[in-house]
Amino acid sequence: MREVRTMNRRYIGPVAGICALFLLTGCGGTQAASTRELRIAVTGDREVYDYDPSILNAVELAVDECGALYAAEGWRISYGTADDDSVYDRGVTQAAALAGDGGGTAILGTHNFSIVDMAAELASQNGALYVAFNGCNDAVTAKGYQTVFSNVYGAARSGAAMGAYAAGTPDIRRVAVYSSAVSYESDWVRAFCRALSGQGARVVDCAGTATDYNEFRSVAERWKLLGVDTVLILEYYADDAYDAAEWLHGLMPGVRLLGDSSFDYEARLEASAEAVEGLVIPDVLPAGGGRALAEFETRYAQRYGEMPSRWAAHAYDTVRMVADTAVGCGSAAGADVAAALHGEDGYVGLCGPVRFDDGGALSGGEQRLLVCRDGAFIELTEEDGADGETGE
């Protein structure tokens, strides 16, 4: 899940946060872990988890189920959270402490990709298992770290999937890119443009994030003169993405919208349903479903009184992937779990099969596209709009 711009964030100091993580879970801090003691540290901005509490609830459910399932085999499985508030220094300090705790701690990565860049390096240096379950820059999985993984599709793959869709859609011919142009978005756009190369569609303009509506209006006027029929919106913050979509809806009604996972923000999706009707984005989560997912949703609803989000299912899957793999290989040591995850069989969970390439990037499988219909994302198919119709 991408970051949501919020105000009045709570501050939890890095040292106090890490101490609380292990005191509350009874993990013993920096003491060397036994091979059958697995600690899971969920890092990130608490504001994001407060926005979707089902994510941490799903982590709790997975840990409790694994604890009960594997207790007879002598396993102790626990978890805690470390709030980095999306502040770089704080997140890196936490990552250094968690990665160097003596083994047996699996770190689930934060929302801030700049923190992930350094946290992954620290984890690799210390042989700690690090799973960027909220995603990361493609450069992280290109470095050959053996204990670092990302179980969501990366920027280049997502950009290529969207480029293939645009190239195959007859009504998409002149595309404008509107982007915050951080590393992730830049990788995304390059892959998108490569997929368009030699096809009928092409990018005719690129614009950075506008500071306000008036600046954006000037950009939209330029796009009208250029004959833009499609706008690709890639933003670091979800609110910026939705602001652009709403402005476009008023300034260029009928223009086709493409986007990325910054739009995966249910509160704004519902509020901006009219403006983003027909918006197409790539799904960064592995495709899955069926009986296992339905059973998880039932267990979750029975315990927490409401249905989980799809990111909650992903969080559950991530914890189960780490715990089940540790038990399967008989060790909680990061290097041992990582070696097992690099195996050909990978891991099959609620969200489908998960396999990794040599650098830890999610590989294989078919990346889905999602389309917004009536304020909700559904899988894009020929029946509900794969022909490129926006529903206007």
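Residues numbered from 1 in each chain as written. Predicted model: local features only at pLDDT ≥ 70, side-chain atom pairs only at ≥ 80, totals over all residues. Heavy atoms only, no water.

Draft legend 1. Up close: the confidence of the model for the chain. Residues at a pLDDT of 70 or more form 88% of the chain, whose mean pLDDT is 88. Across residues 4-20, confidence stays below pLDDT 50; counting only partners more than four residues off in sequence or on other chains, it has 31 contacts. A low-confidence stretch, residues 22-33 stays under pLDDT 50, and its non-local contacts, those more than four residues away or across chains, total 24 contacts. (pLDDT = per-residue confidence, 0-100. Contact = heavy atoms within 4.5 Å.)

Draft legend 2. Local environment of the packing of helix 9 (residues 213-225) against helix 10 (residues 238-251). Taken N-terminus to C-terminus, the directions of helix 9 and helix 10 make an angle of 55°; their axes are 10 Å apart at the nearest point. Regarding the angle of helix 9 to helix 10, the classification is oblique. Regarding helix 9 and helix 10, the two cross each other, and that crossing is right-handed. Across the interface between the two elements, Tyr-213, Phe-216, Arg-217, Ala-220, Trp-223 and Lys-224 of helix 9 pack against Ala-244, Trp-247, Leu-248 and Leu-251 of helix 10. Counted by class, the contact of helix 9 with helix 10 contains 8 nonpolar, no polar and 2 charged residues. (Axes fitted to C-alpha atoms, helices over the stretch in contact; angles between N-to-C directions. Helix = DSSP H or I, 4+ residues; strand = E, 2+ residues; numbered from the N terminus. Parallel < 35°, antiparallel > 145°, perpendicular 65-115°, else oblique. Left-handed = near helix turned anticlockwise from the far one by under 90°. Nonpolar A, V, L, I, M, F, W, Y, C, P; charged D, E, K, R; others polar.)

Draft legend 3. Examining the sheet that holds strand 3 (residues 105-108) more closely. Ordered by their spatial adjacency, 5 strands build an open sheet running 2-1-3-4-5, and the pairing between neighbours is parallel. Among the strands making up the open sheet, the edge pair consists of strand 2 (76-83) and strand 5 (148-149). Taken together, the 2 bridges between strand 4 (residues 129-131) and strand 5 define a ladder with parallel strand orientation. Residue pairing across strands places Val-131 opposite Phe-149, the latter belonging to strand 5. (Pairing = 2+ DSSP bridges.)

Draft legend 4. Inspection of the packing of aromatic side chains at higher detail. Taken as a whole and assessed by the stated rule, the structure comprises 14 aromatic pairs. Summarising the aromatic geometry, the rings of Tyr-178 and Trp-223 are spaced 6.4 Å apart at their centres and angled 90° between planes, so their arrangement reads as edge-to-face. Taken together, the positions of Tyr-178 in strand 6 (residues 174-179) and Trp-223 in helix 9 put the pair 45 residues apart, joining distant regions of the chain. A single burial state applies to Tyr-178 and to Trp-223, both of which are buried. Here a set of aromatic residues connected by ring pairs shows up, and it is made of Tyr-178, Tyr-213, Phe-216, Trp-223 and Trp-247. (Phe/Tyr/Trp six-rings, centres within 6.5 Å; stacked < 30°, edge-to-face > 60°. Buried < 20%, exposed > 50% of the residue type's maximum accessible area, 1.4 Å probe, protein only.)

Draft legend 5. Spatial organisation of helix 13 (residues 310-329). Between its terminal C-alpha atoms helix 13 stretches 28 Å, which fits the 28 Å expected from 20 residues at 1.5 Å a residue. Burial runs high along helix 13: 17 of the 20 residues are buried. A positive phi of about 75° marks Gly-330, the residue just after helix 13. (Expected span 1.5 Å × (residues − 1).)

Draft legend 6. A look at the pattern of salt bridges. As enumerated under the stated definition, the model contains 23 salt bridges in all. A salt bridge links Arg-76 to Glu-37; its shortest N-O distance comes to 3.9 Å. Linking Arg-76 in strand 2 with Glu-37 in strand 1 (residues 37-44), this pair joins segments that are 39 residues apart in sequence. Note that Asp-64 and Arg-303 form a salt bridge whose closest N and O atoms lie 2.5 Å from each other. Here Arg-303 lies in helix 12 (residues 291-304) and Asp-64 lies in helix 3 (residues 54-70), a separation of 239 residues in the sequence. (Salt bridge = Lys/Arg side-chain N within 4 Å of Asp/Glu carboxyl O.)

Draft legend 7. Fine view of the nonpolar core. Leu-38, Leu-129, Phe-192, Leu-258 and Phe-296 are the most contacted members of the largest nonpolar core, which totals 71 residues. In terms of residues, this core owes the most to one element, helix 13, which gives 11 residues. In this structure Leu-38 touches Trp-75, Arg-76, Ile-77, Ser-78, Gly-104, Ala-106, Val-322, Ala-323, Ala-326 and Ala-332, once residues within four positions along its chain are discounted. Judged by nonpolar contacts, the second largest core, of 31 residues, contains Tyr-178, Tyr-242, Leu-251 and Leu-279. (Core = buried A, V, L, I, M, F, W, Y, C linked by side-chain atoms within 4.5 Å.)

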